[in-house]
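# Descriptive analysis of the structure
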Amino acid sequence: MKRVLVSGGAGFLGSHLCDRLLKEGNEVLCVDNFFTGRRSNIHHLLDHKNFELLRHDVTHPLFVEVDEIYNLACPASPIHYQFDPVQTTKTSVIGAMNMLGLAKRLKIKILQASTSEVYGDPEIHPQPESYRGNVNTLGIRACYDEGKRCAETLFFDYHRQHGVPIKVMRIFNTYGPRMHPNDGRVVSNFIVQALKGEDITIYGDGKQTRSFCYVDDNIEGMYSLMNSRDGFTGPVNIGNPGEFTMLELANEVIELTNSKSKLVFLPLPQDDPMQRKPVIDLAKKELNWEPTIKLRDGLTKTIEYFEGVI
């Protein structure tokens, strides 16, 4: 049995990771300041004998005894990370330093939940891990994009300078139950609008593409990376290479919800990437991982969840 720290453990991905770690027989220390994490995501775990919740902001040092760290703490949707951009950068950078410092002191392995946003608005499609990105350092998304890029730098510097065993994953669009209804992400936006019978808002012409990975597939990739061979650090893309336009997604959601919602088109936000699709050859080779859940099946489960919460 391991004692595992999950920062951001009450968030969308973090809560599903806590589920998985407990299922494997581990003790879980869930650390969250509830800026975007929600108690409802982990309510079902509060009475679990191997689950502990600690309200804490990772921008402050943390002194605990654990065997592994998954660093997921950071608001991850544009609405949330642009609400307080300075705090977003501090969470990514200072939070990473504090978690790496803890891993260094305890001589333990630490995984960083990085993001496909490190690629910015990519000029290479699809995106391999070797692509260095196209990020506007002055834009409204930079607090998240550059914060995560700096966190990756810190992880590799702690690895080189202090020998900290690291794992770095770059998460592409992930969706599923426990997404925040108001997080501004396209899947939750479309589902909530469709269920309420409201107009579905599409930014730009709707021809921009995304690749959508169901949360169970993502967590499987994350768990596999943490338990991959010694010396394999990543970064490794974890995402679904199936590519869909926003129009295709909107029409799929309307069909699955049997909604009468209409499509309305609004201007494209600043620095919103036109294409996002992972190359997952490295994940297949090193982790024996690839997504298994089709978009339609994942959307059906996600819609069922939102029907119960809105």
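Overview of the structure. Because the structure is a prediction, the values reported are computed rather than measured.

### A look at the sheet that holds strand β1 (residues 3-7)
Spatially, seven strands are ordered β3-β2-β1-β4-β5-β6-β11 in an open sheet, and the strand pairing comes out parallel. In this open sheet, the two edge strands, each paired with only one partner strand, are β3 (51-55) and β11 (236-238). Taking the axes of each pair of neighbouring strands and ignoring which way they run, one obtains an average angle of 20° across the sheet. Contacts from helix α4 (residues 85-106) reach β1, β4 (68-71), β5 (109-115) and β6 (166-171), with the element oriented near 170° to β4.

### Observations regarding helix α5 (residues 142-162)
In an α-helix, one turn spans 3.6 residues, which is why side chains three or four residues apart end up on the same side. Between its first and last C-alpha, α5 extends 28 Å over 21 residues, near the 30 Å set by a 1.5 Å rise per residue. Buried within α5 are the following residues: Ala 142, Cys 143, Tyr 144, Asp 145, Gly 147, Lys 148, Ala 151, Glu 152, Leu 154, Phe 155, Phe 156 and Tyr 158. Packing partners of the buried residues in α5 comprise β4, α3 (78-83), α4, β5 and β6. Phi turns positive, to about 75°, at Gly 163, one or two residues after α5.

### Brief notes about the pairing of β5
β5 sits mainly inside the fold: seven of its seven residues count as buried. Side-chain alternation along β5 places Lys 109, Leu 111, Ala 113 and Thr 115 on one buried face and Ile 110, Gln 112 and Ser 114 on a second face that is also buried. Relative to β5, β4 runs parallel, the two being bridged by four bridges. In the strand pairing of β5, Tyr 70 is matched with Leu 111. Here β5 runs beside β6; their pairing, made up of six bridges, is parallel.

### Here's the deal with the pattern of salt bridges
What the rule picks out here adds up to 19 salt bridges. The salt bridge involving Arg 170 is made with Glu 152; its shortest N-O contact spans 2.8 Å. Remark: Glu 152 occurs in helix α5 and Arg 170 occurs in strand β6; sequence separation between them is 18 residues. Comparing Arg 170 with Glu 152 shows no difference in burial state: the two are buried.

### Side note on the nonpolar core
Within the largest apolar cluster, 58 residues are counted, with the highest numbers of intra-cluster contacts made by Tyr 70, Val 187, Met 222 and Leu 249. If sequence neighbours within four positions are ignored, Leu 249 has contacts with Val 186, Val 187, Phe 190, Phe 212, Leu 295 and Leu 299.

### A closer look at the side chain of Arg 170
Arg 170 gets classed as buried once you look at its relative accessible area, which sits at 8%. Setting aside its immediate chain neighbours within four residues, Arg 170 contacts Ser 114, Thr 115, Ser 116, Val 118, Tyr 119, Glu 129, Tyr 131, Glu 152, Pro 235, Val 236, Asn 237 and Ile 238.

### Focus on the packing of aromatic side chains
Taken as a whole and assessed by the stated rule, the structure comprises seven aromatic pairs. Judged by centre distance (6.0 Å) and plane angle (20°), the ring pair of Tyr 119 and Tyr 131 falls under stacked. Residue Tyr 119 is located in the loop between β5 and α5, and its partner Tyr 131 is located in the loop between β5 and α5; the two are separated by 12 residues in the primary sequence. Owing to a relative accessible area of 0%, Tyr 119 belongs among the buried residues under this scheme. What makes Tyr 131 buried here is its relative accessible area of 11%. Between Tyr 175 and Tyr 214, the aromatic rings sit 5.5 Å apart at their centres with planes inclined by 70°, giving edge-to-face as the arrangement.

Rules and cut-offs
Residues numbered from 1 in each chain as written. Predicted model: local features only at pLDDT ≥ 70, side-chain atom pairs only at ≥ 80, totals over all residues. Heavy atoms only, no water. Pairing = 2+ DSSP bridges. Helix = DSSP H or I, 4+ residues; strand = E, 2+ residues; numbered from the N terminus. Axes fitted to C-alpha atoms, helices over the stretch in contact; angles between N-to-C directions. Contact = heavy atoms within 4.5 Å. Expected span 1.5 Å × (residues − 1). Buried < 20%, exposed > 50% of the residue type's maximum accessible area, 1.4 Å probe, protein only. Salt bridge = Lys/Arg side-chain N within 4 Å of Asp/Glu carboxyl O. Core = buried A, V, L, I, M, F, W, Y, C linked by side-chain atoms within 4.5 Å. Phe/Tyr/Trp six-rings, centres within 6.5 Å; stacked < 30°, edge-to-face > 60°.

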